[in-house]
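Listed below are the residues making up each chain.
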Amino acid sequence: MKIKIRSGKDFYAGVIFIFLGGLGVVLAYSRYSMGTRTNIGPGLFPFILGGVLTLLGLLILIRSLAFAGPPLGKLAMKPLMIVLGAVIAFALSVNHLGLAFAAAVLIILSSLARDKLNVKEIMILALLLAAFVIGVFVYGLGLPFKVGPL
Amino acid sequence: MDLFNNLTLGFSVALTFINLSYCLLGVLVGTLIGVLPGLGPIATITMLLPVTFKLPPISALIMLAGIYYGAQYGGSTTSILVNIPGEASSVVTCLDGYQMARQGRAGPALAIAALGSFFAGCVSTLVIAMFAPPLAEVALKFGPAEYFSMMVLGLVAAVVLARGSVIKAIAMVFLGLLLGLVGTDVNSGIQRYTFGVSELWDGIDFVVVAMGMFGFAEIISNLESKGELKVITGKVRNLMPTISDLKASYKPVLRGTALGSLLGIIPGGGALLASFASYSLEKRLAADPSRFGKGAIEGVAAPEAANNAGAQTSFIPMLTLGIPPNAVMALMIGAMMIHGIAPGPQVMTQRPELFWGLVSSMWVGNLLLVVLNLPLIGVWVRLLTVPYRLLYPAILLFCCIGVYSLSNKQFDVLLTAGFGLAGYLFLKLDCEPAPLLLGFILGPMMEEYLRRAMIIYRGDPTVFFTQPISLAMLIVVAFLLLLMIIAPTVRHKREEAFQK
């Protein structure tokens, strides 16, 4: 018997909700105490929430098999990887290499997602924005950021 | 009269130099991001939140509020001149506004939009001033059971009126509620869902969630689809609307203001719903509905008034009950909590200068907007020509700095990237991120009220149904849910409204 997924988006949404809800329920039940009815423990509310989430996920999943809906579109991997990669690069470098460097890295890496790579434009943008944010955030607002690798 | 005294107090706070400056800054930034498509009040408020830490709470709230209703003004500019909505709530303005521009009537369209918005802003400020205090008084009598049920009602109503699949939105709410519980449980001291990661002991900062799901996810999604903006830069001279324009517009503005004020208060409402509903209403009431979509000035006047009224009155449930009717208000509540203000009806009694100062600042902000915007239109138009490829790295940078500035932890930025990924995936799955944010903010509070209710009523779960106010709220919840499930006609009307 072949089950046809009629609504791709809903199907995967349902799967995710079941997974996360299930995780919530299992962890709440096994690790956190439910407490008593008068004095509810840390596990009760998450247990209920996770349970409802799992049920909703199941409902969405079943509906996706019964009713037609839009299929899962294509994920735009290039912008996704580039943007997230740039942010991660920022995160990893800002602590040790300072804001100026991290900002420039972020601008340069994230600009890779654009249509036409204009190296000069990207470099100028990186320079200007790095200077701008340092001026505004470190000197203007006095936020305690490391500016350079020193 | 009490109202007079309160407003006097409010203006004395709002008109100080520092608050005036922040109000101006807020509305200018708001207009700016309203004009720019691809950048909205949610992302902007999230970005600026960490910056407001150092400010006194009232200045921070004034500025952030200014961003929200300022964006409603700015959005109309792009809608009329470029046929691209600067803001979601300006979508309907595109329909007739752009047509008017093509007929060489961009000036009157922009003027009527601004004037209508100003009128609506003034009226809704009064609405807040008149109705918030009695509402707060009623709410002060609520016990934990009532608060819990009220939050349930707020969440469900927000979902039912929002777009997209209701059941997926409700699931997002529950996911948000769960995520809000991550961290150390205040009552028992044990850590929940932290998986041994010490950075999660204090929970997930809502700025991280908001920045990731609204900021990053939107940038990624914008990068998927690009396009060129065709701006009608041709002379936007002659801003004066004709007498017939004014005559045709005043009733739509009145109706839009009334409808917007009403819909702003309802959870799930706000500027977006108000503008759509107002356009539909005008079309239905018009003597000649076929004019709509071809440059009918009513189609600009009414929604613009409505979205401003809706934006401002959506502060009412937030300020009086502590219930955010939409994602922007959820962020405002977050902002208040950061500044150590517990949202709820006691804000009005304990910190009246905060409440009334904010309300008065809305009127001031509207005045600033209508005075500054019309002359500055040329500037805004020129800004539209900034290519997105230069804009988005800057936005990304501000977001990252904002998150990092929370506690100088690189973990926070990494976590935001994770939420960015999640947000993008959810967008692809047609799951709305706003309900998740609402649930996230309300989760810990709901648990607290549940706990207190159980302690007070000795563990009797039926208390939510035996207390009359609580019962009334839950009945409305059941009614709303039934409505969505059983009445497909209602569902179709919703989708129809959002189709356009």
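Each residue is numbered by its place in its chain's sequence as written, counting from 1. For naming, the first written chain is A and the first written ligand is 1, with later ones following in the order written. Per-residue local features of the predicted model are confined to residues with pLDDT of at least 70, and side-chain atom pairs are confined, for both listing and counting, to 80 or more; whole-chain, interface and lining totals are unaffected and use all residues. As a convention, hydrogens and water are excluded, and side-chain values are obtained from all of the structure's heavy atoms.

Novice: Quick question: what am I supposed to make of the overall build of chain B here?
Specialist: Starting at the N terminus, helices and strands are each numbered in turn, a helix being any DSSP run of H or I of at least four residues and a strand any DSSP run of E of at least two. Looking only at helices and strands, chain B features 22 helices and two strands. For the radius of gyration, the atoms used are the C-alpha atoms, and the globule rule reads 2.2 Å times the number of residues raised to 0.38. Against the globule reference of 23 Å for 500 residues, chain B gives a C-alpha radius of gyration of 22 Å, in line with a compact fold. Structurally, chain B occupies a C-alpha span of about 70 × 50 × 50 Å along its principal axes. Relative accessibility under 20% of the residue-type maximum defines a buried residue, over 50% an exposed one, and the middle range a partly exposed one, all with a 1.4 Å probe and only protein chains included. Expressed as a percentage of the 500 residues in chain B, the buried residues total 61%. It only takes one pair of heavy atoms within 4.5 Å for two residues to be counted as in contact. Restricting the contact set of chain B to residue pairs at least 6 apart, pairs at least 24 apart contribute 80%. For every accessible area listed, the method is Shrake-Rupley and the probe measures 1.4 Å; residues are considered covered only by the protein chains on display. Accessible area for chain B stands at about 18,400 Å²; split by element, carbon and sulfur atoms hold 67% of it. Positive charges are assigned to Lys and Arg, negative charges to Asp and Glu, while His and the chain termini are left out of the count. By convention, the charge on Lys lies at NZ, on Arg at CZ, on Asp at CG and on Glu at CD. Charged side chains in chain B number 30 positive and 26 negative. The centres of these two groups are separated by 9 Å.

Novice: Mind showing me how you'd approach the interface of chain A and chain B here?
Specialist: By a frequent convention, interface size equals the accessible area lost on bringing the separate parts together. Every contact between the two is made by 64 residues of chain A and, on the other side, 60 residues of chain B. Across the chain A/chain B interface, buried area totals approximately 5,800 Å², and carbon plus sulfur atoms make up 77% of it. In this description, buried area is defined as the sum, over both parts, of the accessible area (probe of 1.4 Å) that is lost when the two are combined. On the chain A side of the contact with chain B, A:Ile40, A:Phe45 and A:Leu49 bury the most area, a combined 10% of that side's loss. The salt bridge definition used is simple: a Lys or Arg side-chain nitrogen within 4 Å of an Asp or Glu carboxyl oxygen. Our count for the chain A to chain B interface comes out at two salt bridges. The partner of A:Asp10 in a salt bridge is B:Lys168, with the nearest N and O atoms 2.5 Å apart. Identification of polar contacts relies on pairs of N or O atoms within 3.5 Å, with a donor-acceptor requirement for protein atoms, meaning one able to donate a hydrogen and the other able to accept it, and with residues adjacent in sequence counted only if both atoms are side-chain atoms. Remark: the boundary between chain A and chain B carries 11 residue pairs in polar contact (both at pLDDT 80 or more). Taken together, the elements giving at least two residues each to the side of chain A that touches chain B come down to helix H1 (8-31), helix H2 (44-66), helix H3 (77-110) and helix H4 (119-140) of chain A. Considering each element in turn, the side of chain A that touches chain B owes the most residues, 16 residues, to H3(A).

Novice: Looking at this structure, how should I read the nonpolar core?
Specialist: Looking at soluble globular proteins, one finds that nonpolar side chains tend to be buried together. Residues A:Phe17, A:Phe90, B:Ile204 and B:Phe315 are the most contacted members of the largest nonpolar core, which totals 184 residues. Discounting residues that sit within four places of it in the chain, B:Phe315 has contacts with B:Ala65, B:Tyr68, B:Met329, B:Met332, B:Leu358 and B:Met362. Residues belong to a common nonpolar core when they are buried Ala, Val, Leu, Ile, Met, Phe, Trp, Tyr or Cys residues joined through side-chain atoms within 4.5 Å. The next biggest cluster of nonpolar side chains, apart from the first, holds 19 residues, and it includes B:Ile80, B:Leu110, B:Ala113 and B:Ile297.

Novice: For this particular structure, what's the right way to read the state of the cysteines?
Specialist: As used in these notes, a disulfide is a covalent bond between sulfur atoms, one from each of two cysteines. Residue and element names in this part refer to chain B. Whenever a pair of cysteine sulfur atoms sits within 2.5 Å, that pair is classed as a disulfide. All told, the structure shown has zero disulfides over all chains when counted by the stated rule. Unpaired in this structure, Cys122 has its nearest cysteine sulfur neighbour in Cys23, at a distance of 13 Å. You can see Cys399 has no disulfide; the closest cysteine sulfur is in Cys400, sitting 6.8 Å from it. Here Cys399 falls in the buried class, since its relative accessible area comes to 0%.

Novice: Help me out: how do you make sense of helix H1 (residues 2-14) of chain B in this one?
Specialist: It helps to recall that an α-helix has 3.6 residues per turn; residues three or four apart then point in one direction. All names here are of chain B. Across its 13 residues, H1 extends 18 Å between first and last C-alpha, which sits within 8% of the 18 Å expected from 1.5 Å per residue. All of the buried residues along H1 are Leu3, Asn6, Leu7, Gly10, Val13 and Ala14. Relative to the axis of H1, the buried residues are bounded by an arc of 120° and lie together on one face. Given the number of residues in a helix, its expected span is that number minus one, multiplied by 1.5 Å. Working definition: the arc comes from the directions between the helix axis and the C-beta atoms, pointing outward to the latter.

Novice: What is the right way to look at the confidence of the model for chain A in this model?
Specialist: Atomic detail in the predicted coordinates should be set aside for any region of low pLDDT. Averaged over all residues, the pLDDT of chain A is 86; the fraction at 70 or higher stands at 96%. Ranking the elements of chain A by mean pLDDT puts H4(A) last with 85 and H2(A) first with 91. The predictor rates its confidence in each residue with pLDDT, a number between 0 and 100.

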